[in-house]
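Chain by chain, the residues:
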Amino acid sequence: MKGYLIQGILETISGLKEISALLADIRRQDGLLSDSDLERMRSQAYEAAGAYGKEAADYLAAVREAYRSGYGEDAEDFARLSLALQGAGGMAAELAGQYIAATDRAYQLGGSVTRLAGLLDGSAAISSRNAVGMAELAEAMSLAAPLAASLGLGADEAAAALGTIASAAGQGGQEAAASLEGILLNIRQVADAGKGVSAEGLREFEAACRTLGVSLQDAEDGAAALRSPMDVLKELSEAYSMSGPDGPGRSGLLEALGSAQSAEALDALLSSFGAYEKMLEEYTGGAGSLATQAGLAADSWEASMSRLSGTWEKVIVNIADPAVIGSALEGLNGVLSAIAKVTEALGPLGSAGLGAGLLASLKDVGREGTYSPENMPTAA
């Protein structure tokens, strides 16, 4: 038992060292931060992280990434948003940061935490109601959003299209992103050798669309203008269903893409366009979805243990006198020894009951700010 206690103390010390290193990194990002700023940040990290079932180091790592991405003034708000995303999607901090930064730049949100929260709410709504993981949707959006936005897709359309491809075609985040990019480049008639889209392929794709009775262009004021990609896909889906599984229109359209992966994705998207429209509605009505999913994650056993770990760290930080530390640890050791004797006397079944009671009592330890949607930025 003493060995476990010592191990716990060593792990706590390691955690405190990590926190100190993160604070040093944050100061390197912003030399104007004072000692009191860093101390406040350290103290706040436990409460902020505990609300999301994370550790203080997770929160400070997110703050550091926010500084690195140029969000210094709102770094702590961005960190909370990142922790909510990590919890809701079970994703790594790096991916959460990439998703936030990529969508902010792609859709020119100007670093608005509120607008970003609305975008993430929509994605969380799609993920929670369909067979698509939040992490894979985040990965797909991180990769595809820049091109999708430049080719005329809104964030809602991109998320719903990627969600449909991921669920209907079974493609992962990277695959779904590459597939959607290939489809959009063909619809908007943009050649890109790096993505395998040639000028000849574009001509073949346009001809295949004409065969199905769908035009890629509209006449506006006497001049031809490319149509909205999703309007084109909606018409293609209707013609696609009428063509039949073996119709020449179908095969010609898919072959024109020149990529088996993109063809698989286009087939899934056109065959399941109703699913796309459903996801689009879910995105629009998704306010509060990220908070809800993050809250569920914050109630997990793993999250409770993270909060307990944070409480241990706070205890060590708050005890300054070595004599007091020794006394406190001796007291804890006595409590744990007593528990060991009781469980030994109770036997396996009694120990299980006692253990269940202890686990239940520990669930909210360290959770100073019990999770609620108010703890994170949300869309107006």
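Relevant structure appears above.
This text gives an overview of the structure that appears in the document.

Calculation criteria
- Residues numbered from 1 in each chain as written.
- Predicted model: local features only at pLDDT ≥ 70, side-chain atom pairs only at ≥ 80, totals over all residues.
- Heavy atoms only, no water.
- Buried < 20%, exposed > 50% of the residue type's maximum accessible area, 1.4 Å probe, protein only.
- Helix = DSSP H or I, 4+ residues; strand = E, 2+ residues; numbered from the N terminus.
- Expected span 1.5 Å × (residues − 1).
- Arc of directions from axis to C-beta.
- Contact = heavy atoms within 4.5 Å.
- Polar contact = N/O pair within 3.5 Å; in protein donor to acceptor, adjacent residues only side chain to side chain.
- Phe/Tyr/Trp six-rings, centres within 6.5 Å; stacked < 30°, edge-to-face > 60°.

Re unusual backbone geometry
Consideration 1: Phi is positive for Q108, which is not a glycine, with a value near 50 degrees.
Consideration 2: Residue class for Q108 comes out exposed when judged on its relative accessible area of 67%.
Consideration 3: Of note in the backbone geometry, Q189 takes a positive phi value of approximately 60 degrees without being a glycine.
Consideration 4: Locating Q189 in the fold gives a position in the loop between α9 (173-187) and α10 (199-211).

Remarks on α10
Consideration 1: Relative to the 18 Å expected for 13 residues at 1.5 Å per residue, α10 spans 19 Å between its end C-alpha atoms, a close match to the ideal helical length.
Consideration 2: Within α10 the residues assigned to the buried category are G201, L202, F205, A208 and C209. For α10, the arc enclosing every buried residue in end-on projection is 125 degrees, short of the 170-degree limit, so these residues lie on one face. In α10, the exposed residues that point more than 90 degrees away from the buried face are R203, R210 and T211.
Consideration 3: On its buried face, α10 is in contact with α9, α11 (229-243), α12 (248-256) and α13 (260-271).
Consideration 4: A positive backbone phi angle near 80 degrees is found at G213, which sits one or two residues after α10.

So, the side chain of R227
Consideration 1: Relative to the elements of secondary structure, R227 occurs in the loop between β2 (223-226) and α11.
Consideration 2: Residue R227 is classed as buried on the basis of its relative accessible area, which comes to 10%.
Consideration 3: Only 2.8 Å separates the side chain of R227 from the side chain of E235, close enough to count as a polar contact.
Consideration 4: In this structure R227 touches R188, V214, S215, L216, Q217, D218, V232 and E235, once residues within four positions along its chain are discounted.

What to know about the packing of aromatic side chains
Consideration 1: One pass over the full model with this rule turns up two aromatic pairs.
Consideration 2: Centre to centre, the rings of Y71 and F78 are 4.0 Å apart; their planes meet at 10 degrees, and the pair counts as stacked. We note that Y71, like F78, is buried.
Consideration 3: Note on F273 and Y276: the rings are 4.9 Å apart at their centroids and 40 degrees apart in plane angle, and the pair reads as tilted. Here F273 pairs with Y276, and both are found in helix α14 (residues 273-284), just three residues apart, close to one helical turn.

Worth remembering: the numbers are spatial, not functional.
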